[in-house]
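Observations on the model geometry
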Amino acid sequence: MLRPPALLCCLCLAACGGGGGGGSAVAVPMRLAASPLDLGPATTAADLEVALADRGSAAPVLLEVAVELPAALAFATEPLVALQPAPTLDGGTVAGRYVVVCGDARNKAAQPLQQGPLFRLRLVTASPRQPGTHRITLRNLRAAQQDGSPAPVEATPTAVDVVVR
C-alpha cells in the first residue's frame, strides 16, 4: 500500500503535469526499459528489472509508473527493491495497477535519477500455472525535474514479454 509520502509524491507529480510551452527546443523524452523474462517449468518467481533507458533532455529527479500484470503473474509479498540510491521508493496497488514512485521527493536540491537499473519487482506465477507468453505493461509514466516542473516522458507504454513454461 502506498504510504503518505508516496501519495504526496503522486499528488505533486499530478500537479506538475500538463502543459508545455516555452522555447522551440525539442524535448527528448525520458523512457524506461525492462528485459523479457523466461520462467522455466520449475521456476515460480522471477525479478523484473526496470531501468531508466534514457534520461531525456530534462533529467528527472522523481518518476511514477503504473505496472499492469497479466492474470498469469502476481506480485510477491515484498515485491519492490531499489537498484540505485533513491530517498523515495514506494509502491502499492491503485485502481488495479501497481504504482511505483521512485526518486527524491524530499530534498529541494534533489539529484537526478541515473541512467540504468532503477528498481526490481519480484513476480510469482499464478496458481494454477498458466503456460504461454504473457505481457507486462509499464504505463502512465510521469516524471518531475528538480524544480518540480514535469520532465518529458515517452508516452508509449513499455511492453515486456514473459514466457511461462
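A brief look at the structure comes next. Throughout this document, residue positions are counted from 1 along each chain, in the order its sequence is written. Local features in this predicted model are restricted to residues whose pLDDT is 70 or higher, and side-chain atom pairs enter the listing and the counts only when it is 80 or higher, whereas totals over whole chains, interfaces and linings include all residues. Values reported for side chains reflect all heavy atoms of the structure, with hydrogen atoms and water molecules removed beforehand.

**Brief notes about the overall build of the protein**
Only DSSP runs of H or I with at least four residues qualify as helices, and only runs of E with at least two residues qualify as strands; both kinds are numbered from the N terminus onward. Across its full length, the protein holds one helix and ten strands. Secondary structure elements of the protein occur, N-terminal to C-terminal, as α-β-β-β-β-β-β-β-β-β-β. Among the 165 residues that make up the protein, the fraction classed as buried is 39%. Whether two residues are in contact is decided by their heavy atoms: any pair within 4.5 Å suffices. When contacts within the protein are restricted to residue pairs at least 6 apart in sequence, long-range pairs at least 24 apart make up 76% of them. Per-residue accessibility takes into account occlusion by the displayed protein chains alone, with areas from the Shrake-Rupley method and a 1.4 Å probe. Just so you have it, the protein exposes about 8500 Å², and 54% of that area is on carbon and sulfur atoms. Only protein chains enter the accessibility calculation, which uses a 1.4 Å probe; a residue is then buried when its area is under 20% of its type maximum, exposed when over 50%, and partly exposed in between.

**Considering the pattern of salt bridges**
Note that side chains of opposite charge can pair when their charged atoms are close. Basic side-chain nitrogens of Lys or Arg form a salt bridge, by our definition, when they fall within 4 Å of a carboxyl oxygen of Asp or Glu. Across all of its chains, the model carries seven salt bridges by this definition. Measuring nitrogen to oxygen at the nearest pair gives 2.9 Å for the salt bridge that ties Asp161 to Arg135. Placement of Asp161 in strand 10 (residues 158-164) and of Arg135 in strand 9 (residues 132-144) is noted, with a sequence separation of 26 residues between them. Exposure remark for Arg135: the relative accessible area of 47% places this residue in the partly exposed category. Salt bridges sharing common partners tie together Asp47, Arg120 and Arg122.

**Observations concerning the sheet that holds strand 5 (residues 73-82)**
Each pair of strands is called paired provided DSSP finds at least two bridges between the two strands. Taking strand neighbours across the sheet as the criterion, the four strands line up as 1-3-8-5 in an open arrangement whose pairing is antiparallel. Each having just a single partner strand, strand 1 (31-34) and strand 5 make up the two edges of the open sheet. Sheet twist, expressed as the average angle between the axes of neighbouring strands with direction ignored, equals 30 degrees. Between N-to-C directions, angles cover 0 to 180 degrees, with each direction set by a line fitted to C-alpha atoms, over the stretch in contact for helices.

**What about the nonpolar core?**
Counting residues in hydrophobic clusters, the biggest one holds 30 residues, and the most contacted among them are Leu32, Leu48, Leu63, Val65, Leu118, Phe119 and Ile136. Among the elements of the structure, strand 1, strand 2 (37-39), strand 3 (45-54), strand 4 (62-68), strand 7 (97-103), strand 8 (116-125), strand 9 and strand 10 are those that each provide at least two residues to this core. Formed by five residues, the second largest nonpolar core is a distinct cluster that contains Val61, Leu62, Val101 and Ala110. By nonpolar core we mean a set of buried residues, namely Ala, Val, Leu, Ile, Met, Phe, Trp, Tyr and Cys, connected to one another through side-chain atoms within 4.5 Å.

**Comments concerning the side chain of Thr137**
Considering the arrangement of structural elements, one finds Thr137 in strand 9. When near neighbours in sequence (up to four residues on either side) are disregarded, Thr137 contacts Ala66, Val67, Glu68, Pro157 and Thr158.

**Observations concerning the pairing of strand 7**
Successive residues of a regular strand alternate their side chains across the two faces of the sheet. Burial of strand 7 is extensive: six of the seven residues sit out of reach of the surface. Pairing between strand 4 and strand 7: six bridges, direction antiparallel. Among the inter-strand pairings, Ala66 is bridged to a residue of strand 7, identified as Val99. Two successive antiparallel strands, strand 6 (residues 88-94) and strand 7, enclose a turn made up of two residues, where Ala95 displays a positive phi of approximately 50 degrees.

**With respect to the pairing of strand 6**
Both strand 6 and strand 7 contribute to a ladder of seven bridges, which runs antiparallel. Across the sheet, the residue bridging to Gly91 is Val100, located in strand 7.

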